[in-house]
Amino acid sequence: MNDIIRSQKSTEFEELPMKKKLILILMSVMCMFSTGVVFAENTASSIRITEDKTIEYDKEELLATLYEADIESVREALDMRLVTCRELTEYYLERIEAYNPTFNCFITLCDNVLEEADKRDTAIADGTAKGSLFGVPIVVKDNIEYEGYYTTNGREFKESEISTTNAVIVQYMLNEGAVIIGKTNMSKDAESARRSCSDEVGETLNAYNTKLAAGGSSGGSAVATTLNFAVASLGTDTNSSLRFPAALSSCVSLRPTYGLVDRTGCIPLNRRRDVAGAITRTVKDQAIMLDILVGGGTYTENLDANVLEGMRIGLIKELTYRVAGESNRTSAIIDDEIEAVFANAIEELKACGVEIVEVSIHDIFKKSRSCSEDREGWSEAKNSLYAEFEKLLADNNLVAVVFPTYLSTPQYTGKAEDGDLLVYDQPWTVNCSVLASPLGLPEISVPIGQHSLGAGIGMEFASLKNSEQLLLNIAYSYTEKYDHRVTSELAPNLYEKSFSGDLNAFITTYKEALAEAERLKEEELKEKETTTSETETTPEEITTPQESVTPEESLPIESATNPDELTSVATSPEQETDEVISDNVSKDK
């Protein structure tokens, strides 16, 4: 019935004179834009097209979408001027002020951060902004030098010095336009992988349960990233210091091939193992950060989310199951929940088309310990184990290996009644230091679930030296299909989220509104041109005396059947509308 009614009305409208059509159209347009047009109502968006065809939106609605925002969407929002760099930086500072007293992620907050943000805004306005991190706030572990600020390495300020230069990787970040919010907490001298407790500010707590440890030694960076205190962070890794705290924080971290990233300006712990890297909330952000860390890479450009089909990946049994003779890999030590979560992740990989092949490296723990640089023959031990790893991949036609990031129950922190630290009285079984650290391999950790105690659970992919692109593609393909990242209920979004999507969806909706506004402008312009053409009076008509117009000459004018009806052409719009309604009623009858 509605289709029939619309058809009848359309036919009646087409039969009207052009002048009456234009009047009705203009009246409709005026009514429509008297209050503006809300765009994309089905997404509960505040984005609206105003009467003058500009776009308006609720700034707090936009700020709500910054929660969990990735690097690319933040950069686009800045370029489109949906948010300024100052507003963006203030957003993260507001979260830090609200939640950092609970979690203790920072040793130093940079007092120049808003000044630096203003500089980025000026460059964006001038059109001189360049860089994949331009205007993007990040944080830096406090064993990495940032000019003008203390680099404590987890010690007290009085034992530390203010850096007079930037670490190479910090300079790379600044060259890309990053805004550094602060220096993050860490374990003293980066020596503890179980927790991040500095002499200056104490311990960083787990993002999901403040009774748990955050891991170390890059725990401050990991917790700051997962709590949305910044978009991404920098850290260092000697044995497990990037990947273990990242896993506990439901984040992504890649330990790059030894020597790939310049460590100049990073305080060393073990020069033969130390690497610098990033902690991010997504694999794509990890690729972007690695592009910058290496001084200009193409990892992001070559990301591929469709590589898993047909891949053969080896599951290292000794790093996954119980091992006889290893006291920290007994049935009593390996956590049942972690075991089950990892088993589920393996099934997910199979569902992506991966062929999982269980493999073994005989005496892997003994061989790994032989690579310790304080042991005689460590160099030969490293070469031997790396050759065995290469052969394992080749003989089984494998591209990579996979295993859990850690196997023991997440550790409680604090002190026991006797004053001893609890983390050192609990089992601790972590796989990060078995292969990648002694052999200099690349290894990436991705989230695969959450423990009932709250901490995140991670899974590692490792492969041959300089295979970062392969590992990023594997991790990207997996996480694009199975996103197990978990946000912390202890530090929720500070802004009410009325918009149903993320920042990227907000940007898409805004772009659609811009396109619609442009279309309406063009349509309005055409209507004005048509109105001008239809109502334009010629010079001959102006000079023609009224007396010379006879009834016969007036007949072509609609509805003028005698001389008295000539006055109808000068009626008001209201009268015209009444005539249309009257005519339509007559036709309906």
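What you see is a predicted model, and the numbers here were worked out from it, not measured in a lab.

Visitor: Help me understand the overall build of the protein in this model?
Guide: Within the protein, the secondary structure is distributed over 19 helices and 18 strands. Residues classed as buried in the protein amount to 52% of the 589 residues present. Here the protein has roughly 26,700 Å² of accessible surface; of this, 49% comes from carbon and sulfur atoms.

Visitor: In this structure, what is going on with the packing of aromatic side chains? I would like to understand it.
Guide: Here a ring pair, both rings aromatic, is described through the centre-centre distance and the interplanar angle of the planes. Counting across every chain of the model gives 11 aromatic pairs. Note on Tyr 91 and Tyr 495: the rings are 6.2 Å apart at their centroids and 25° apart in plane angle, and the pair reads as stacked. Taken as a pair, Tyr 91 in helix α5 (residues 85-103) and Tyr 495 in the loop between α15 (468-481) and α16 (503-535) lie far apart in primary sequence, 404 residues in all. Just as Tyr 91 is buried, Tyr 495 falls in that class too. Aromatic side chains Tyr 146 and Tyr 149 sit 5.4 Å apart centroid to centroid with 20° between the ring planes, which places their arrangement in the stacked category. Accessibility expressed as a relative area gives 6% for Tyr 146, which makes it buried. The rings of Tyr 57, Phe 499, Phe 506 and Tyr 510 are connected pair by pair, giving a single aromatic cluster.

Visitor: Hey, could you run me through the nonpolar core in this one?
Guide: In terms of nonpolar packing, the biggest core is built from 119 residues, with Met 459 and Phe 461 touching the most fellow members. Ranked by size, the runner-up nonpolar core spans 24 residues in total, among them Phe 365, Ala 381, Tyr 386 and Ala 462.

Visitor: Quick question: what am I supposed to make of the side chain of Ser 250 here?
Guide: In this fold, Ser 250 is placed in the loop between α9 (243-248) and β12 (252-255). Ser 250 sits in the buried class, given a relative accessible area of 1%. Setting aside anything within four residues of it in sequence, one finds Ser 250 in contact with Tyr 208, Pro 447, Gly 456, His 484, Arg 485 and Val 486.

Visitor: Sorry if this is basic, but what is going on with α5 here?
Guide: Along an α-helix, residues three or four apart share an orientation, since each turn contains 3.6 residues. The first and last C-alpha atoms of α5 sit 25 Å apart over 19 residues, in line with the 27 Å expected at 1.5 Å per residue. Taken from the residues just after α5, Asn 104 is the one with a positive phi, measuring 60°.

Visitor: Help me understand the pattern of salt bridges in this model?
Guide: When the charged atoms of two side chains with opposite charge come close together, those side chains can pair. Tallied over the full model, the rule gives 35 salt bridges. Salt-bridge contacts for Glu 373 lead to Lys 382; the nearest nitrogen and oxygen are separated by 2.6 Å. With its nearest N and O atoms 2.7 Å apart, the salt bridge here joins Glu 516 to Arg 519. Of this pair, Glu 516 and Arg 519 both sit in helix α16, three residues apart, which is roughly one turn of that helix. For Arg 519, a relative accessible area of 38% corresponds to the partly exposed category. A network of salt bridges, in which partner residues are shared, links Asp 237, Arg 243, Arg 255, Glu 443 and Glu 460.

Visitor: Explanation requested: the packing of helix α10 (residues 283-293) against α15 in the structure shown.
Guide: Two quantities define a packed helix pair, namely the angle between the axes and the distance from one axis to the other. Contact geometry of α10 with α15 gives a least axis separation of 9 Å together with a crossing angle of 160°. Our classification of the angle between α10 and α15 gives roughly antiparallel. Of the residues in α15, those touching α10 at Val 283, Lys 284, Gln 286, Ala 287 and Leu 290 are Glu 468, Leu 472, Ala 475, Tyr 476 and Thr 479. Here the residues of the contact of α10 with α15 sort into six nonpolar, two polar and two charged.

Visitor: For this particular structure, what's the right way to read the pairing of β12?
Guide: When a strand is regular, its side chains alternate between the sheet's two faces. On β12, burial covers both faces: Val 252 and Leu 254 on one face and Ser 253 and Arg 255 on the other are all buried. The pairing of β12 with strand β13 (residues 275-280) spans two bridges and is antiparallel. What sits directly across from Ser 253, in β13, is Ile 279. Bridge count between β12 and strand β17 (residues 443-450): three bridges; the pairing is antiparallel. Bridging from a neighbouring strand, Arg 255 pairs with Glu 443 of β17.

Visitor: Whenever I open this one, the sheet that holds β17 confuses me. Can you help?
Guide: For sheets, the rule is that strands pair by backbone hydrogen bonds, running either parallel or antiparallel. Taking strand neighbours across the sheet as the criterion, the 11 strands line up as β4-β8-β5-β11-β13-β12-β17-β18-β16-β14-β15 in an open arrangement whose pairing is mixed. Every other strand in the sheet has two partners, leaving β4 (106-109) and β15 (355-359) as the edge strands with one partner each. Each adjacent strand pair in this sheet contributes to an overall mean axis angle of 30°, direction not counted.

Visitor: Any chance you could explain the packing of helix α7 (residues 168-175) against α10 here in plain terms?
Guide: Where α7 meets α10, the closest approach of the two axes is 9 Å, and the angle between their N-to-C directions is 115°. Classified by the interaxial angle, the pair formed by α7 and α10 is roughly perpendicular. From α7, Ile 169, Tyr 172 and Met 173 reach across to α10, where they touch Met 289, Ile 292 and Leu 293. Considered class by class, the residues forming the contact of α7 with α10 number six nonpolar, no polar and no charged.

Visitor: It is not clear to me how a negative patch on the surface should be interpreted in this structure. Could you clarify?
Guide: A grouping of Asp 58, Glu 60, Glu 94 and Glu 97 is seen on the molecular surface, where their side chains present a negatively charged patch. Structurally, Glu 60 can be placed in helix α3 (residues 59-65).

Visitor: Any chance you could explain the confidence of the model for the protein here in plain terms?
Guide: Fine structural detail should not be taken from predicted coordinates in areas where pLDDT scores are low. Looking at the protein as a whole, its pLDDT mean stands at 88, while 83% of the residues score no less than 70. Predicted confidence in the protein is weakest over helix α19 (residues 573-588), with a mean pLDDT of 41, and strongest over α15, with 99. A low-confidence stretch, residues 1-11 (pLDDT under 50), is modelled with zero contacts involving residues beyond four sequence positions or located in other chains.

The rules behind the values
- Residues numbered from 1 in each chain as written.
- Predicted model: local features only at pLDDT ≥ 70, side-chain atom pairs only at ≥ 80, totals over all residues.
- Heavy atoms only, no water.
- Helix = DSSP H or I, 4+ residues; strand = E, 2+ residues; numbered from the N terminus.
- Buried < 20%, exposed > 50% of the residue type's maximum accessible area, 1.4 Å probe, protein only.
- Areas by Shrake-Rupley, 256 points an atom, 1.4 Å probe, with all protein chains shown as cover.
- Phe/Tyr/Trp six-rings, centres within 6.5 Å; stacked < 30°, edge-to-face > 60°.
- Core = buried A, V, L, I, M, F, W, Y, C linked by side-chain atoms within 4.5 Å.
- Contact = heavy atoms within 4.5 Å.
- Expected span 1.5 Å × (residues − 1).
- Salt bridge = Lys/Arg side-chain N within 4 Å of Asp/Glu carboxyl O.
- Axes fitted to C-alpha atoms, helices over the stretch in contact; angles between N-to-C directions.
- Parallel < 35°, antiparallel > 145°, perpendicular 65-115°, else oblique.
- Nonpolar A, V, L, I, M, F, W, Y, C, P; charged D, E, K, R; others polar.
- Pairing = 2+ DSSP bridges.
- Patch = residues over 30% accessible without salt bridge, like charges linked within 9 Å, V, L, I, M, F, W, Y side chains within 5 Å.
- Lys, Arg positive; Asp, Glu negative; His and termini not counted.
- Charge placed at Lys NZ, Arg CZ, Asp CG, Glu CD.
- pLDDT = per-residue confidence, 0-100.

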